[in-house]
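What follows is the residue order along each chain.
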Amino acid sequence: MRRLVKPLLCGMMVMALVAGCSKKQETKETAATESPAETSEADSAEGGPEADVDLGEVTSLGEYKGLEVTRLSTDVTDEELDARIQSILDANPEYVAITDRAAKNGDIVDIDYVGLKDGVAFDGGTAQGYKLELGSHSFIDGFEEGLVGAKTGEERSLNLTFPKQYHSEELAGQAVVFEVTVNGIEEKKDAVLDDNFVQRMSDFGTVDEFKEDTLADMQKEKEEQADRQLEDDIFLAAVENSEFALNQEAVDNQYNNQLSYYESMVGMYGMDLASYVSMFDMTEEEFKEDLRKSAETSIKQQLLVEAIAEKEGFQVEDADREIVAGQYGTDVKTLQDTYGEEAVDTTAMMYKTVNFLKENAKVK
């Protein structure tokens, strides 16, 4: 899986709405007399001093009507349907109550527990009716192992030690005792596609009804995916047909904003950017290269919309705003109050232009 960053129309739409994209890009400037702390406080309260940066211009508007594009197939194969149903089965195993044996790894135990440090219950160490899969390693070492062999109704005292690198400084490396009561034991079994499973998981009564509904859902998903891809392909084809002179400062701003977003996102999961992109078989340098190309394409898309709208004489009307609001599941006023009228109108113009390109394309 090589490609992680791809300039997509839907991403551009979101960006336009949130940032209020226009011919100029706003960037913050810090006055020489302000300290970093004062600047941060002012920017937070009022948005801070801002300067406009031109995105650039379309130096040559290429052909944008009659573009030839291929729509993805929306057929759902038997193999795809079988794979979807198997994924549903895998995600919804059957749990069978166990009464004639002790708990073993892989079982789900229903437990009440209290964690004690020096004989006193500590915060976050108490729960009732908690369902724990033995062997899942979701609790500290020794907890799950200490419940293997327990029977329903049994009480156990587990003398354990928290890891030295535990996130709570109060508990890191500390010896504690967990008083645990086993309320019940369940065995997880693979689900089988039959009428009982269908009735357990849905409002349908038979396997045939369930398959028919799953097929319809997959068909709808493929239709929506094909429509999105078609819009992307048409719009990117129009971009490739035109020539641009981009303002490098605007590209840098867009790139840095996107990079900050990714760094903040992966940081929430305790990862760095290099570790995150490695999951997609990419290096950090390759990722940043793709991200910069994405920033350039996004700005080209914005400039192209304005050029086409000007040439075709498009104006944003109430119906266009309603379309945008519908895409976000709200009404126009709420959208304008949240993002501003200019951002909503910019996004509406993008939708209008893209729909125009799609209506005039030659779809195969």
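Residues numbered from 1 in each chain as written. Predicted model: local features only at pLDDT ≥ 70, side-chain atom pairs only at ≥ 80, totals over all residues. Heavy atoms only, no water.

**Q** Teacher, can you tell me more about the overall build of the protein here?
**A** The helix and strand inventory of the protein stands at eleven helices and eleven strands. Within the protein, contacts between residues separated by at least 24 positions form 73% of all contacts whose residues are at least 6 apart in sequence. Carbon together with sulfur atoms contributes 46% to the accessible area of the protein, which is approximately 21300 Å² in total. (Helix = DSSP H or I, 4+ residues; strand = E, 2+ residues; numbered from the N terminus. Contact = heavy atoms within 4.5 Å. Areas by Shrake-Rupley, 256 points an atom, 1.4 Å probe, with all protein chains shown as cover.)

**Q** Would you explain the packing of aromatic side chains in this entry?
**A** Two descriptors summarise a pair of aromatic rings, namely the distance from one centre to the other and the angle between the planes of the rings. For the structure shown, the criterion picks out 17 aromatic pairs. Centre to centre, the rings of Y261 and Y262 are 5.4 Å apart; their planes meet at 70°, and the pair counts as edge-to-face. What makes Y261 exposed here is its relative accessible area of 51%. Between F314 and F356 the ring centres are 5.1 Å apart and the planes differ by 75°, which places this aromatic pair in the edge-to-face class. Linking F314 in the loop between α8 (284-312) and α9 (318-327) with F356 in helix α11 (residues 341-359), this pair joins segments that are 42 residues apart in sequence. Residue F314 is classed as buried on the basis of its relative accessible area, which comes to 15%. Between R292 and the ring centre of Y255, over which it is positioned, the NZ or CZ distance is 4.2 Å. (Phe/Tyr/Trp six-rings, centres within 6.5 Å; stacked < 30°, edge-to-face > 60°. Buried < 20%, exposed > 50% of the residue type's maximum accessible area, 1.4 Å probe, protein only. Lys NZ or Arg CZ within 6 Å of the ring centre and 35° of its normal.)

**Q** Looking at this structure, how should I read the packing of α8 against α11?
**A** When two helices pack together, their arrangement is given by the angle between the helix axes and the distance between those axes. One can describe the packing of α8 onto α11 by two numbers: an axis separation of 10 Å at closest approach and a directional angle of 70°. The angle between α8 and α11 falls in the class roughly perpendicular. Judged by residue contacts, Q302, V305, I308, A309 and E312 of α8 engage M349, M350, T353, F356 and L357 from α11. (Axes fitted to C-alpha atoms, helices over the stretch in contact; angles between N-to-C directions. Parallel < 35°, antiparallel > 145°, perpendicular 65-115°, else oblique.)

**Q** Help me understand the pattern of salt bridges, please; the structure alone is not making it clear to me.
**A** A full pass over the atoms with the stated rule returns 19 salt bridges. A salt bridge links R101 to D107; its shortest N-O distance comes to 2.8 Å. Relative accessible area serves as the criterion here: at 1%, D107 is assigned to the buried category. Close ionic contact of R321 with D318 constitutes a salt bridge, the shortest N to O distance being 2.9 Å. Of this pair, R321 and D318 both sit in helix α9, separated by three residues, roughly a single helical turn. (Salt bridge = Lys/Arg side-chain N within 4 Å of Asp/Glu carboxyl O.)

**Q** Any chance you could explain α11 here in plain terms?
**A** Over its 19 residues, α11 extends 27 Å from the first C-alpha to the last, a length consistent with the 27 Å expected when each residue adds 1.5 Å. Of all the positions in α11, only A343, V344, T346, T347, A348, M349, M350, Y351, T353, V354, F356 and L357 are classed as buried. (Expected span 1.5 Å × (residues − 1).)

**Q** Looking at this model, I keep getting lost on the nonpolar core. Mind explaining?
**A** Looking at soluble globular proteins, one finds that nonpolar side chains tend to be buried together. Of all hydrophobic cores here, the largest spans 35 residues; its most connected members are I234 and L357. At the level of elements, α5 (207-241), α6 (248-267), α8, α9, α10 (332-339) and α11 are the ones that each hand at least two residues to this core. Looking at this core, the element that brings in the most residues is α11, giving eight residues. Apart from the residues within four sequence positions on either side, L357 is in contact with Y64, I234, F235, A238 and I308. Counting residues in hydrophobic clusters, the runner-up holds 23 residues, among them L132, F143, L160 and V182. (Core = buried A, V, L, I, M, F, W, Y, C linked by side-chain atoms within 4.5 Å.)

**Q** Is there a simple way to think about the packing of α6 against α8 in this case?
**A** Between α6 and α8, the least distance of the axes is 9 Å, while the angle of their chain directions is 125°. Compared by their axis directions, α6 and α8 come out oblique. Handedness of the crossing formed by α6 with α8: right-handed. Across the interface between the two elements, Q248, A250, V251, D252, Q254, Y255, Q258, L259 and Y262 from α6 touch F287, K288, L291, R292, S294, A295, E296, S298, I299 and Q302 from α8. (Left-handed = near helix turned anticlockwise from the far one by under 90°.)

**Q** Mind showing me how you'd approach the side chain of K222 here?
**A** Position of K222 relative to the elements: it lies in helix α5. Among the polar contacts listed, one links the side chain of K222 to the backbone oxygen of D75, at a separation of 2.8 Å. Ignoring sequence-local partners within four residues, the contact set of K222 consists of S73, T74, D75, V76 and E80. (Polar contact = N/O pair within 3.5 Å; in protein donor to acceptor, adjacent residues only side chain to side chain.)

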